[in-house]
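Spelled out from the first residue to the last, the chains are:
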Amino acid sequence: MFGLSQNKTKGWKRLEREYKRIKKVQMRNLFEQDERRAEKYTLRLNGLTLDYSKNRIDDKVLSALLNLAKERGVTQKIKEMFDGSKINFTENRSVLHIALRNRSNRKILSDGKDVMPQIREVLNKMKNFSEAVRLGKFKGQTGKKLTDIVNIGIGGSDLGPFMVCEALKKYWAKGIHCHFISNIDGTACAEVLDGLNPETTLFIVASKTFTTIETLTNAKTCRKWLVDSLGEHAVAKHFVALSTNKAEVEKFGINPENMFEFWNFVGGRYSVWSAIGLIICIAIGFENFEKLLDGAFAMDEHFRKAEPQNNMPLILALLGVWYNNFFNIHRYAVIPYDQYLQYLPSYLQQLDMESNGKSVDKNNSFVKYATGPVLFGGAGTNVQHSFFQLLHQGTEPVPVDFIVPAISHNEIGNHHTILLSNVLAQGEALMKGKTISEATEELRQSGKSKQEIESLKKYKSFTGNRPSNTLLFKKIDPFALGQLIALYEHKVFVQGIIWNINSFDQMGVELGKQLALNILPELENRAFGLNHDVSTLALIKEVKKLRK
Ligand code: G6Q
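A quick note: this is a predicted structure, and the numbers were derived from the prediction, not measured.

Caption draft 1: Seen up close, the overall build of the protein chain. Helix and strand counts for the protein chain come out as 23 helices and 13 strands. The C-alpha atoms of the protein chain give 26 Å as radius of gyration, which agrees with the globular expectation for 548 residues (24 Å, within 12%). Projected onto the principal axes, the alpha-carbon positions of the protein chain cover approximately 80 × 60 × 55 Å. Within the protein chain, the proportion of its 548 residues that are buried is 52%. Counting every atom, the protein chain has about 25200 Å² of accessible surface; 52% of that belongs to carbon and sulfur.

Below, the structure is given as structure tokens:
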């Protein structure tokens, strides 16, 4: 399958044979045959447990999957990332989000230069600034404490800080409130600004390139809102920037002293560990932000050093490949059973789908196999009452990752034990299902007539044999969250290696941006009859009519 000819490799063919062998095997039988199955297919790391026993695998499958990883040179590729090789080859860049959370004294090189000193310098600046804001030492223009922090950014400059701030809400400093403006839709701005006091508001403009139209437009609107009330001078006290682009930051009117730098070796969707995390530092304190980095670093070290069969991100990645390429299931769901993690699926959606939604391989050929799957999800138990019907009885299985903190930050009555019983039951139900004879027996016991049983038994049956992973840990805290995010980052990376694609560019985002720039002048009556298809032309006309 790989290389210019895209011929199937030996390892790939071996997995195809394994698939033919195992496709009819029921997981419930595998559990019956092997009492040690759960223990055998469980990995543990710093309080994080991955139970992957409810997958359609056995030792032979696992060994064939690990063989594929070996064949694809995964270990070497991991080393290349950590060594700063330019693995983002379409943009000629190193991929060094791992350096942002390197908590050791190890040097990490990009272009032969150790990147650690500059990373530590920015971290220090983030520490000082966030502490000054939290303590009320860095004040607004009129001398008041800054209590409302607004992050203006989109995509990678929004989803990470937003998800982490929400996940760690219990750690927010008293009296500090975080807000996020992302969408170009004026509603996003209006809803956040409504009710805020300019004197106590700090805006963080987060943009790696500082050219993103949504972010700059939102930032300009917020700037005007502030200046209208406090005057031009106030900008220095109420605006900071997070960016790689000093020139554009200055052009926008933010003093470079108020800029927190990061670098091109940090991809947008991997940037939560960089200056992009400033709002997190202000909300939860720098010490807690460091714990987030510690968690990610612990996962990095594990990923770098653990043997393949014990390597959590690697195993998760291989299971994903198993379903995607051999069972032809091109989707999966991530379901956190914790309200604070409700935005994790959206965050992971970008991480996975922007990284591996690619169809040209590293040899410049179109791939002939499936790459990144569709990821979706939502918080349990809510989603049990919406799309779980399809997960249980739809025509195609959807592998699920259940994310489960054993303790809630809000242990009220028995809420959390009910929640836990639900998540454990879902995994069990998906795996076991309910045979027609079991459904028949259940209906009989409930007193249904023969005729009723006949007409209902199929509707009441479940095929089961539907895979899930369970990621269990004590409580959602900064360290646990750091570990979890890094786990998925590395999983996505390994899958990119297997599929021979570049997980670190995002050319697909560009086309829509280009075309929007072409349509804007028409909507604003600055140009007419540009080159569009007839459907788009008709829609432009209609939109203009409605807006008259
Ligand atoms: C992420 C993408 C993308 C990016 C946004 C915002 O990996 O590159 O989501 O983060 O387009 O870009 P800026 O930070 O440059 O505004």
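Caption draft 2: How the structure looks around helix α14 (residues 286-305). Under the 1.5 Å per step criterion, the end-to-end length of α14 is 28 Å for 20 residues, consistent within 8% with the ideal 28 Å. The element α14 is extensively covered by neighbouring structure, given that 14 of its 20 residues are classed as buried.

Caption draft 3: Just the side chain of S461, in detail. With respect to the helices, strands and loops of the structure, S461 is situated in the loop between α20 (450-456) and β13 (468-473). Those residues in contact with S461 that sit more than four places away from it in its chain are Q393, K434, T435, I436 and A439.

Caption draft 4: Representation of the site of the ligand within the structure. Taken together, 13 residues lie around the ligand, and S157, S207, K208, T209 and T212 are the ones closest in. Taking S157, its side chain carries an N or O atom lying 2.6 Å from an oxygen atom of the ligand. Q350 is positioned such that a nitrogen or oxygen atom in its side chain is 2.7 Å from an oxygen atom of the ligand. Taking 410 Å² as the accessible area of the ligand by itself, protein coverage stands at 89%. Counting atoms within 2 Å of the grid points, the majority share of the ligand lands in the largest pocket. Looking at the shell around the ligand residue by residue, the classes come out as one nonpolar, nine polar and three charged.

Caption draft 5: Representation of the nonpolar core within the structure. Formed by 122 residues in total, the largest nonpolar core has its most connected members in M126, W322 and L481. No other element matches the twelve residues that helix α21 (residues 478-498) contributes to this core. Filtering out sequence-adjacent residues up to four positions away, L481 remains in contact with M163, V164, A167, L168, L292, L341 and I476. Grouped together as the second largest cluster of nonpolar side chains are 24 residues, C189, F210, V235 and F252 included.

Caption draft 6: Highlighting the environment of N245. Within the secondary structure, N245 is located in the loop between β8 (239-243) and α12 (246-252). Using a relative accessible area of 21% as the deciding quantity, one classes N245 as partly exposed. Separated by 35 residues in sequence, N245 and F210 have C-alpha atoms that sit 6.3 Å apart. Leave out the neighbours within four places in its chain, and N245 touches K208, T209, F210 and M259. A distance of 2.9 Å separates a polar atom in the side chain of N245 from the backbone oxygen of T209.

Caption draft 7: Molecular detail of the sheet that holds strand β9 (residues 259-261). Strand order in the open sheet formed by five strands is β6-β5-β7-β8-β9, and the pairing between neighbours is parallel. The strands lining the two open edges of the sheet, one partner per strand, are β6 (177-181) and β9. In this sheet, neighbouring strand axes are inclined to one another by 20 degrees on average, regardless of whether the strands run parallel or antiparallel. As defined by bridge partners, strand β5 (residues 148-152) adjoins β6 across five bridges and the pair is classed as parallel. When the sheet's bridge partners are listed, D148 is paired in β6 with H177. Most of the contacts of helix α10 (residues 213-230) go to strand β7 (residues 201-206), to which it runs at about 160 degrees, and overall it touches β5, β6, β7 and β8.

Caption draft 8: Representation of the pattern of salt bridges within the structure. This structure, assessed with the given rule, holds 28 salt bridges. Note that R93 and E91 form a salt bridge whose closest N and O atoms lie 3.7 Å from each other. Overall, R93 belongs to the partly exposed group, its relative accessible area being 23%. Note that K144 and E199 form a salt bridge whose closest N and O atoms lie 3.5 Å from each other. One end of the pair, K144, is in the loop between α7 (116-134) and β5; the other, E199, is in the loop between α9 (186-193) and β7, with 55 residues separating them in the sequence. We classify K144 as partly exposed; its relative accessible area is 38%. Put simply, E18, R21 and D58 are held in one network by salt bridges that share partners.

Caption draft 9: Molecular detail of the layout of surface pockets. Taken as a whole, the largest pocket encloses approximately 1300 Å³ of empty space. Lining of the largest pocket is provided by 45 residues; of these, T212, E214, V509, E510 and K513 occupy positions nearest its centre. Within the residue set of the lining of the largest pocket, elements represented by two or more residues are α10, α16 (344-356) and α22 (508-523). Tallying contributions element by element places α22 first for the lining of the largest pocket, with nine residues.

Caption draft 10: Here's a closer look at a nonpolar patch on the surface. Taken together, the side chains of I213, L517 and L520 present a nonpolar region at the surface, about 270 Å² in accessible area. Within the fold, I213 resides in helix α10.

Caption draft 11: How the structure looks around the sheet that holds strand β1 (residues 42-45). In spatial order, the strands read β1-β2-β13-β12-β10-β11; together these six strands make up an open sheet with mixed pairing. Edge strands, defined here as strands with exactly one partner in the open sheet, are β1 and β11 (374-377). Neighbour to neighbour, the strand axes of the sheet diverge by 15 degrees on average, direction disregarded. Where β1 and strand β2 (residues 48-51) come together, four bridges link them in antiparallel fashion.

Caption draft 12: Looking closely at the packing of aromatic side chains. In total, this model carries 24 aromatic pairs according to the counting rule given. Judged by centre distance (4.7 Å) and plane angle (45 degrees), the rings of W12 and F326 are tilted. Note that W12 is positioned in helix α1 (residues 10-22) and F326 in helix α15 (residues 312-326), a separation of 314 residues in sequence. Relative accessible area serves as the criterion here: at 5%, F326 is assigned to the buried category. The rings of W12, Y19, W322, Y323, F326, F327 and Y369 are connected pair by pair, giving a single aromatic cluster. Looking at R304, its charged tip hangs above the ring of F82, at a distance of 5.7 Å from the centre.

Each value, and the rule that gives it
- Residues numbered from 1 in each chain as written.
- Predicted model: local features only at pLDDT ≥ 70, side-chain atom pairs only at ≥ 80, totals over all residues.
- Heavy atoms only, no water.
- Helix = DSSP H or I, 4+ residues; strand = E, 2+ residues; numbered from the N terminus.
- Rg over C-alpha atoms; globule rule 2.2 N^0.38 Å.
- Buried < 20%, exposed > 50% of the residue type's maximum accessible area, 1.4 Å probe, protein only.
- Areas by Shrake-Rupley, 256 points an atom, 1.4 Å probe, with all protein chains shown as cover.
- Expected span 1.5 Å × (residues − 1).
- Contact = heavy atoms within 4.5 Å.
- Near = heavy atom within 4 Å.
- Polar contact = N/O pair within 3.5 Å; in protein donor to acceptor, adjacent residues only side chain to side chain.
- 1 Å grid on protein atoms, 1.4 Å probe; cavity = no way out; pocket = protein on both sides within 12 Å on 5 of 7 lines; lining within 4 Å.
- Sits in = over half its atoms within 2 Å of the grid points.
- Nonpolar A, V, L, I, M, F, W, Y, C, P; charged D, E, K, R; others polar.
- Core = buried A, V, L, I, M, F, W, Y, C linked by side-chain atoms within 4.5 Å.
- Pairing = 2+ DSSP bridges.
- Axes fitted to C-alpha atoms, helices over the stretch in contact; angles between N-to-C directions.
- Salt bridge = Lys/Arg side-chain N within 4 Å of Asp/Glu carboxyl O.
- Points joined across faces, edges and corners; volume = space filled by probe spheres on them.
- Patch = residues over 30% accessible without salt bridge, like charges linked within 9 Å, V, L, I, M, F, W, Y side chains within 5 Å.
- Phe/Tyr/Trp six-rings, centres within 6.5 Å; stacked < 30°, edge-to-face > 60°.
- Lys NZ or Arg CZ within 6 Å of the ring centre and 35° of its normal.

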